[in-house]
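Residue-level listing of the chains:
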Amino acid sequence: MPHPLVEQFRFTRREWLRGLKGVNEEDALKHFGPMNCISWTVGHLAWHEQRYWLERVQGIILYPELNELFSFGAEMCSPS
């Protein structure tokens, strides 16, 4: 049986994927005022996953660019 945090992570990812169904790239790149676009938010979540599940626990950084582009305080951008 997986750890409860792993189950929560899996649930959250499934819900995110369900929520993104039907969103095309054009819509994912739109900014509304100072808010980040959906594509940046997805990158930010990837940064969180890498940081908490790989970097802090195992010392592994698979995608260093996540730390530059999508970390807390990173500049606004619209990745495809």
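Here we summarise the structure given alongside this text. Predicted, not measured: the structure shown is a model, and the values here were computed from it.

### Side note on the pattern of salt bridges
In step 1: In this structure the tally under the stated criterion is four salt bridges.
In step 2: Residue R13 is joined to E49 by a salt bridge in which the shortest nitrogen-to-oxygen separation is 2.3 Å. Taken as a pair, R13 in helix 1 (residues 4-20) and E49 in helix 3 (residues 38-58) lie far apart in primary sequence, 36 residues in all.
In step 3: For R13, a relative accessible area of 41% corresponds to the partly exposed category.
In step 4: Across the pair R18 and E15 runs a salt bridge, and its minimum N-O distance is 2.6 Å. Here R18 pairs with E15, and both are found in helix 1, just three residues apart, close to one helical turn.

### Brief notes about the packing of aromatic side chains
In step 1: Throughout the structure, instances matching the rule amount to two aromatic pairs.
In step 2: Here the aromatic rings of F9 and W53 are separated by 5.2 Å at their centres, their planes lie at 50°, and the arrangement is tilted. You can see F9 sitting in helix 1 and its partner W53 sitting in helix 3, a full 44 residues away along the chain.
In step 3: Between W40 and F70, the ring centres sit 6.2 Å apart and the planes meet at 55°, which makes this aromatic pair tilted. Here the residue W40 occupies a position in helix 3, and F70 occupies one in the segment after helix 4 (64-69), the gap between them amounting to 30 residues. In terms of burial, W40 and F70 fall into one category: buried.

### A short note on the layout of surface pockets
In step 1: Space inside the largest pocket adds up to approximately 350 Å³.
In step 2: Along the wall of the largest pocket there are 13 residues; nearest its centre are F9, R13, W16, L45 and E49.
In step 3: Secondary-structure elements contributing two or more residues to the lining of the largest pocket are helix 1 and helix 3.
In step 4: It is helix 3 that contributes the most residues to the lining of the largest pocket, seven residues altogether.
In step 5: Across the lining of the largest pocket, the residue classes tally to nine nonpolar, two polar and two charged.
In step 6: A volume near 160 Å³ is recorded for the second largest pocket.
In step 7: Lining the second largest pocket are R13, A46, E49, Q50, L54, L62, Y63, E65 and L66.
In step 8: Elements represented by at least two residues in the lining of the second largest pocket include exactly helix 3 and helix 4.
In step 9: The element that contributes the greatest number of residues to the lining of the second largest pocket is helix 3, accounting for four residues.
In step 10: Its residues assigned to classes, the lining of the second largest pocket comprises five nonpolar, one polar and three charged.

Reading the values: the criteria
- Residues numbered from 1 in each chain as written.
- Predicted model: local features only at pLDDT ≥ 70, side-chain atom pairs only at ≥ 80, totals over all residues.
- Heavy atoms only, no water.
- Salt bridge = Lys/Arg side-chain N within 4 Å of Asp/Glu carboxyl O.
- Helix = DSSP H or I, 4+ residues; strand = E, 2+ residues; numbered from the N terminus.
- Buried < 20%, exposed > 50% of the residue type's maximum accessible area, 1.4 Å probe, protein only.
- Phe/Tyr/Trp six-rings, centres within 6.5 Å; stacked < 30°, edge-to-face > 60°.
- 1 Å grid on protein atoms, 1.4 Å probe; cavity = no way out; pocket = protein on both sides within 12 Å on 5 of 7 lines; lining within 4 Å.
- Points joined across faces, edges and corners; volume = space filled by probe spheres on them.
- Nonpolar A, V, L, I, M, F, W, Y, C, P; charged D, E, K, R; others polar.

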